[in-house]
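As a plain string of letters, each chain reads:
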Amino acid sequence: MEDRPSGQLPEPLHARPVPRPGRWVSAVVVLVLVAMAVNALVTNPNFRWDTVWLYLRDVVVVRGVGWTLVLTFGSMAIAIVLAVLLAVMRRSDNPVMRSVSWFWIWFFRGTPIYTQLVFWGLLSVLYPRLSLGIPFGPEFWTFTTQDVITAFWAALIGLAFNESAYLAEIVRAGLSSVDPGQTEAAKALGMKDAKILRRIVLPQAMRVIVPPTGNETISMLKTTSLVLAIPFTLELTYATNQIGSRIFQPIPLLIVAALWYLLITSVLMIGQHYLERFYGRGFDGGRTGRGGRGPRGGRKPRKQDLIGASGTTKDDPFLEVTP
Amino acid sequence: MTASAEAPGTAETMVEVRDVHKVFGRGHDAVHVLKGVSLDVPRGSVTVVLGPSGSGKSTLLRCVNELEEITAGSIHVGGDLMGYRRDDKGVLHRLHPKVIAKQRSRIGMVFQRFHLFPHKTALENVMEAPVQVRGLSKAEARRRGLELLDRVGLAERAEFYPAQLSGGQQQRVAIARALAMDPELMLFDEPTSALDPELVGEVLAVMQDLARSGMTMIVVTHEIGFAREVADHVVFMDDGVIVEEGAPADVLDNPSEPRLRDFLAHVL
């Protein structure tokens, strides 16, 4: 059943291609416009590229990049855990769980992130003391809010709670994208619900969850600049703005921040590509498996793969088959 | 597996379905799918369930391993009441999902649309339940998985993902996956209905081999030839009840019910 060409392949047809002068004209026009834009950027002295270059490597700026990364990844990590929890609660049989999840998502999506961050910053004013104890009963430990919820933790929690509401909907969409037959098959094998979720449903849902979550991470990278509402003042945007005001050159410092954000986004996009490839294994005829392990990776493409790769036919192996 | 077939109590009942009703929905939308079905499946025997679509045959199968909760009646598998426990005072208690999962793990099920786990290779599919449910070591599960894949003729496809296999191969992997839990009972829900005609034979051959080894099987199918050749008992269902049942020769060649005669005329 090996699909190799049998005997002599036929001589392909020789035909002159359709002339497409429009392609050349449009390409030239666009390239000229690009050249003009680059020229306008590079040659304009007002951008002060020397200042940009100088502050791109400034200690305060690099430290700002560090804090921005900590806030981005920290809040996303907390948000992902919360989101899975919220999505599972949303699908629960228990009406209390469903309602709480619905309310959380409604509240944190429904109010501006800026307002939420201001409130987290004001928490120590609203509740000067926090205590641990029996609800409505005696208190065992009491803390001063300011000592526990510092500006950093307020920023982290504020970003994470807001993000969890958006991610919860993404996770829910991912979970519902998995064929219910998968759960049934796992049940029939005697697997318990928690295990079915962890081993069977979530790994397949990830294929749907990863791309929008990558999007959210990139969005979060820039949302971290809003934590000045708390105020938390160490991250990239605040740091560069401050330098810009001090040296009376706001524009080069804005460019410094923008370049850093671009660089981080590029790295994130590469990471997302590999994550998507990992969770896509088994879904595309195995062309992007773990690689290097027999038929998982370095396999010769099958006939159907080659037909599919030409992009002229629609081939969905999971298409519903109704006999 | 073979031991049970040769055990002295061959006539012992493996599955005992008593007056089972299943109603989907409630109020005006309620649908009465099973209307008092009773069925005995002796250990080591093969029962084929025939019937037009909508007759409730798949629902009956799904009730046997608790994928559907029955509305009334009782189902015993291997002497155990499925899904419930009756205490000393005769009060019925719903079983904890953990216990139900344990009951299910003794029953293998093969689905019309295979439902292999697409993110796992054929071998990983077969290994999943023994490792995750039984707590078997990976090495042991792997050895046993390869053995089972060999039994269904797919040893050399162990490292392939389901999407790289044909429908017939996928269904054979699904059978191996169910067998990996050493079930006492195998349920087949139209195992060949989603297959291209030329792939049906390879799946039926595996099933026939399994029947010969003494496995207790309930098979919902439209393959009359398989019923004639392999079944010990044929059941014809229509509109939620068993209309006629008996030995394949009697039921298939001498149908007394006009509905069954009509059905056979359409299928053959």
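Residues numbered from 1 in each chain as written. Chains lettered and ligands numbered in written order. Predicted model: local features only at pLDDT ≥ 70, side-chain atom pairs only at ≥ 80, totals over all residues. Heavy atoms only, no water.

I tried to follow the overall build of chain A on my own but got confused; where do I start?
Looking only at helices and strands, chain A has 13 helices and two strands in total. When contacts within chain A are restricted to residue pairs at least 6 apart in sequence, long-range pairs at least 24 apart make up 69% of them. When the accessible surface of chain A is split by element, carbon and sulfur atoms take 66% of a total near 20,400 Å². (Helix = DSSP H or I, 4+ residues; strand = E, 2+ residues; numbered from the N terminus. Contact = heavy atoms within 4.5 Å. Areas by Shrake-Rupley, 256 points an atom, 1.4 Å probe, with all protein chains shown as cover.)

Explain the overall build of chain B to me, please; I cannot follow it from the model alone.
Each helix and strand counted, chain B has 10 helices and 12 strands in total. For 268 residues, the compact-globule formula gives about 18 Å, and the C-alpha radius of gyration of chain B, at 19 Å, lands near that figure. Principal axes of the C-alpha set define a box for chain B whose edges measure 50 × 50 × 45 Å. Counting the 268 residues in chain B, one finds 56% classified as buried. Residue pairs in contact within chain B that sit at least 24 positions apart in sequence constitute 66% of those at least 6 positions apart. (Rg over C-alpha atoms; globule rule 2.2 N^0.38 Å. Buried < 20%, exposed > 50% of the residue type's maximum accessible area, 1.4 Å probe, protein only.)

Any chance you could explain the environment of A:P128 here in plain terms?
All names here are of chain A. Inspection of the secondary structure assignment puts P128 in the loop between helix 6 (123-126) and strand 1 (129-133). The class of P128 is partly exposed, set by a relative accessible area of 47%. Separated by 16 residues in sequence, P128 and T144 have C-alpha atoms that sit 6.1 Å apart. Here P128 is in contact with F143, T144 and T145, once residues within four sequence places are set aside.

For this particular structure, what's the right way to read the nonpolar core?
A general tendency of soluble globular proteins is for nonpolar side chains to be buried together. Membership of the largest hydrophobic core comes to 73 residues, with the highest contact counts inside it found for B:V15, B:V77 and B:L185. Per-element tally for this core: the top contributor is helix 8 (residues 151-177) of chain A, with 11 residues. Filtering out sequence-adjacent residues up to four positions away, B:L185 remains in contact with B:M14, B:V15, B:V64, B:V77, B:R106, B:I107, B:G108, B:M215, B:T216, B:M217 and B:I218. Grouped together as the second largest cluster of nonpolar side chains are 53 residues, B:V131, B:V152, B:A174 and B:M207 included. (Core = buried A, V, L, I, M, F, W, Y, C linked by side-chain atoms within 4.5 Å.)

Can you help me understand the packing of aromatic side chains in this one?
Ring pairs (aromatic) are described by centroid distance and by the angle formed between their planes. All chains considered together, the criterion is met by 16 aromatic pairs over all chains. Here the aromatic rings of A:F140 and A:W141 are separated by 6.3 Å at their centres, their planes lie at 85°, and the arrangement is edge-to-face. A relative accessible area of 52% places A:F140 in the exposed class. A network of ring pairs unites the aromatic residues A:W102, A:F103, A:W104, A:W106, A:F107, A:F108, A:W120 and A:F161 as a single cluster. Seen from the ring of B:Y84, B:R94 lies directly overhead, with NZ or CZ sitting 4.9 Å from the centre. (Phe/Tyr/Trp six-rings, centres within 6.5 Å; stacked < 30°, edge-to-face > 60°. Lys NZ or Arg CZ within 6 Å of the ring centre and 35° of its normal.)

Would you take a moment to explain the pairing of strand 2 (residues 139-144) of chain A for this structure?
Note on strand geometry: in a regular strand, side chains alternate between the two faces of the sheet. Residue and element names in this part refer to chain A. For strand 2, the buried fraction is low: zero of the six residues fall into the buried class. As defined by bridge partners, strand 1 adjoins strand 2 across five bridges and the pair is classed as antiparallel. Across the sheet, the residue bridging to R129 is T144, located in strand 2. Hairpin connection between strand 1 and strand 2: a loop of five residues separates the two successive antiparallel strands, and F136 in this loop has a positive phi of roughly 60°. (Pairing = 2+ DSSP bridges.)

I keep staring at the interface of chain A and chain B and nothing clicks. Help me out?
A common way to report how large an interface is uses the accessible area buried once the components associate. In this assembly, 31 residues from chain A lie in contact with 35 residues from chain B. Where chain A meets chain B, there are two salt bridges. Across the pair B:R62 and A:E184 runs a salt bridge, and its minimum N-O distance is 2.4 Å. Contributions of two or more residues to the side of chain A that touches chain B are made by helix 9 (180-188) and helix 10 (193-223) of chain A. (Salt bridge = Lys/Arg side-chain N within 4 Å of Asp/Glu carboxyl O.)

I keep staring at the sheet that holds strand 2 (residues 31-42) of chain B and nothing clicks. Help me out?
Paired through their backbone hydrogen bonds, the strands of a sheet run either parallel or antiparallel. All names here are of chain B. Sheet architecture is open: four strands sit in the order 2-1-4-5, paired in antiparallel fashion. Strands at the two margins of the open sheet, each flanked by one partner only, are strand 2 and strand 5 (80-81). Of the strand pairs in this sheet, strand 1 (residues 13-24) and strand 2 are connected by nine bridges, and their pairing is antiparallel. Within strand 2, the residue paired with F24 across the bridge is V31. This element, helix 2 (residues 57-64), spans strand 1, strand 2 and strand 4 (72-77) of the sheet and lies at about 65° to strand 2. (Axes fitted to C-alpha atoms, helices over the stretch in contact; angles between N-to-C directions.)

So what exactly am I meant to see when it comes to a positive patch on the surface here?
There is a patch of like positive charges on the surface, built from A:K192, B:K98, B:K102 and B:R134. Within the secondary structure, B:R134 sits in helix 4 (residues 122-134). (Patch = residues over 30% accessible without salt bridge, like charges linked within 9 Å, V, L, I, M, F, W, Y side chains within 5 Å. Lys, Arg positive; Asp, Glu negative; His and termini not counted. Charge placed at Lys NZ, Arg CZ, Asp CG, Glu CD.)

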